[in-house]
Amino acid sequence: MISCRNTIRLTLVPVTNKSREQLGKILPAYSADMGSLLPILEAVQQRFGYLPEEAMDEVARFLGIANSTVYSVATFYAHFRLAPTGKRIIRVCRGTACHVRGGARILRELEKRLGIKPGGTTADGEYTLETIACFGSCALAPVMVINDRVYGRLTTGKISQILDEPED
Ligand code: FES
């Protein structure tokens, strides 16, 4: 689901020549009209994991629209990322069930442990921290997901152990 972003982060990151070649393979699959903007941005993000600045410029050229139009769309939807993410994306639930069962404490513990706020990525590129409204796993509250793995009935004491787990 795509939802509106409340705050706008503009940390634009350039692409390499190799990535530019890959972008050149994406664009010809679409018609050059405004109706293609969202699907193209989806495809670019799927390929790169985020929307590099030069990719957005190239999309604007391809569609014959202003760069600012592409940036406006990219920053309007929370779904789109403007910077690379860490290897592990931690999503902490901020839904009501999780909140009443200590979700805010879980988020604070993660912020303290990782030294980042939601939307941030650790300097070593290991973790990105995000929040989400509800995972639909309220019976397991409080809940967080690391990449695709769900962790339920969390306590602050479990956070260190989970972060120290080796990657799958
Ligand atoms: S409120 Fe957290 S999973 Fe539903």
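In this text, all values refer to a predicted model and were calculated from it rather than measured experimentally.

What am I meant to see in the overall build of the protein chain here?
A count of helical and extended segments in the protein chain gives seven helices and four strands. Each helix (α) and strand (β) of the protein chain, taken in turn from the N terminus, gives the series α-α-α-α-β-α-α-β-β-β-α. For the protein chain, buried positions account for 40% of its 168 residues. Intrachain contacts of the protein chain at a sequence separation of at least 6 include 65% that bridge at least 24 residues. Carbon and sulfur atoms provide 52% of the accessible area of the protein chain, an area that totals close to 9,400 Å².

Would you explain the pattern of salt bridges in this entry?
Between side chains of opposite charge, a pair can form when the charged atoms approach closely. Counted by the stated rule, this structure contains nine salt bridges. Here arginine 61 ties to glutamate 58 by a salt bridge, and the two come within 2.7 Å at their closest N and O atoms. Pair noted here: arginine 61 and glutamate 58 are both in helix H3 (residues 53-63), with a separation of three residues, about one helical turn. Glutamate 109 is the salt-bridge partner of lysine 112, the closest N and O atoms lying 3.7 Å from each other. Here the residue lysine 112 and the residue glutamate 109 both occupy positions in helix H6 (residues 103-114), the gap between them amounting to three residues, near one helical turn. Given the relative accessible area of 64%, lysine 112 is considered exposed. Here the residues in one salt-bridge network are Arg81, Arg91 and Glu130, joined through shared partners.

The rules behind each value
Residues numbered from 1 in each chain as written. Predicted model: local features only at pLDDT ≥ 70, side-chain atom pairs only at ≥ 80, totals over all residues. Heavy atoms only, no water. Helix = DSSP H or I, 4+ residues; strand = E, 2+ residues; numbered from the N terminus. Buried < 20%, exposed > 50% of the residue type's maximum accessible area, 1.4 Å probe, protein only. Contact = heavy atoms within 4.5 Å. Areas by Shrake-Rupley, 256 points an atom, 1.4 Å probe, with all protein chains shown as cover. Salt bridge = Lys/Arg side-chain N within 4 Å of Asp/Glu carboxyl O.

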